[in-house]
Amino acid sequence: MTTSPYADLLGLRFDTDAQGHPFVTMDYAHNLLGRPGFLHGGAIGGMLEMAAWAALRAALDEEMTVIKPINVTIDFMRGGRERTTFAAGAVTRLGARIANVTATAWQDDRDRPIAGARLNYLLKR
């Protein structure tokens, strides 16, 4: 998967789980620090956006489509600590022109997310 310079800056790694669903991993790095001891919210938000994008690209199944974000809403549930963070997206609606995607970020336990996002995309096929 081709990544963006922003994903490279965050140190994101793209992979798939046992079911073939994409997910993103971000190792802790000092340049991702926000307030002392916690990840910067922008780093978490960027990771969520990249996880949603990866899920949408997988759903489009290599179809050449221009993906343009319409809006992004992020809910921060708890502070991300100085450890590895994971994120995965799920396409909730894939229409002819609009896609709705959710993404969740977690650290130690997937059932205890640190942040979630809802993203809407315009698709130009």
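Residues numbered from 1 in each chain as written. Predicted model: local features only at pLDDT ≥ 70, side-chain atom pairs only at ≥ 80, totals over all residues. Heavy atoms only, no water.

Concerning the nonpolar core
What tends to happen in soluble globular proteins is that the nonpolar side chains get buried as a cluster. Core analysis: the biggest nonpolar cluster contains 28 residues, and Leu12, Met26, Ile44, Leu48, Leu56, Tyr121 and Leu123 have the highest contact counts within it. If you list the elements that add at least two residues to this core, you get helix H1 (5-10), strand E2 (22-26), helix H2 (41-60), strand E5 (98-106) and strand E6 (115-124). A per-element tally of this core places H2 first, with nine residues. In contact with Leu48, not counting residues within four places along its chain, are Ile74, Ala87, Ala103, Thr104, Ala105, Ala115, Gly116 and Ala117. (Core = buried A, V, L, I, M, F, W, Y, C linked by side-chain atoms within 4.5 Å. Buried < 20%, exposed > 50% of the residue type's maximum accessible area, 1.4 Å probe, protein only. Helix = DSSP H or I, 4+ residues; strand = E, 2+ residues; numbered from the N terminus. Contact = heavy atoms within 4.5 Å.)

Here we look at the pairing of E6
Bridge count between strand E3 (residues 66-76) and E6: 10 bridges; the pairing is antiparallel. Within the sheet, the bridge partner assigned to Pro69 lies in E6 and is Tyr121. Two strands pair when backbone bridges link them, and E5 and E6 are joined in this way by eight bridges, in the antiparallel orientation. The partner of Ile98 across the bridge, within E6, is Leu122. (Pairing = 2+ DSSP bridges.)

A few points about the packing of aromatic side chains
Summed over all chains, the structure comprises one aromatic pair. Their ring planes at 25 degrees and their centres at 6.0 Å tell us that Phe86 and Trp106 sit as a pair that is stacked. Placement of Phe86 in strand E4 (residues 85-94) and of Trp106 in strand E5 is noted, with a sequence separation of 20 residues between them. With relative accessibility at 24%, the residue Phe86 sits in the partly exposed group. Judged by relative accessible area, Trp106 falls into the buried class, the value being 9%. One Lys or Arg, Arg81, reaches over the ring of Phe38 and ends 4.3 Å from the middle of that ring. (Phe/Tyr/Trp six-rings, centres within 6.5 Å; stacked < 30°, edge-to-face > 60°. Lys NZ or Arg CZ within 6 Å of the ring centre and 35° of its normal.)

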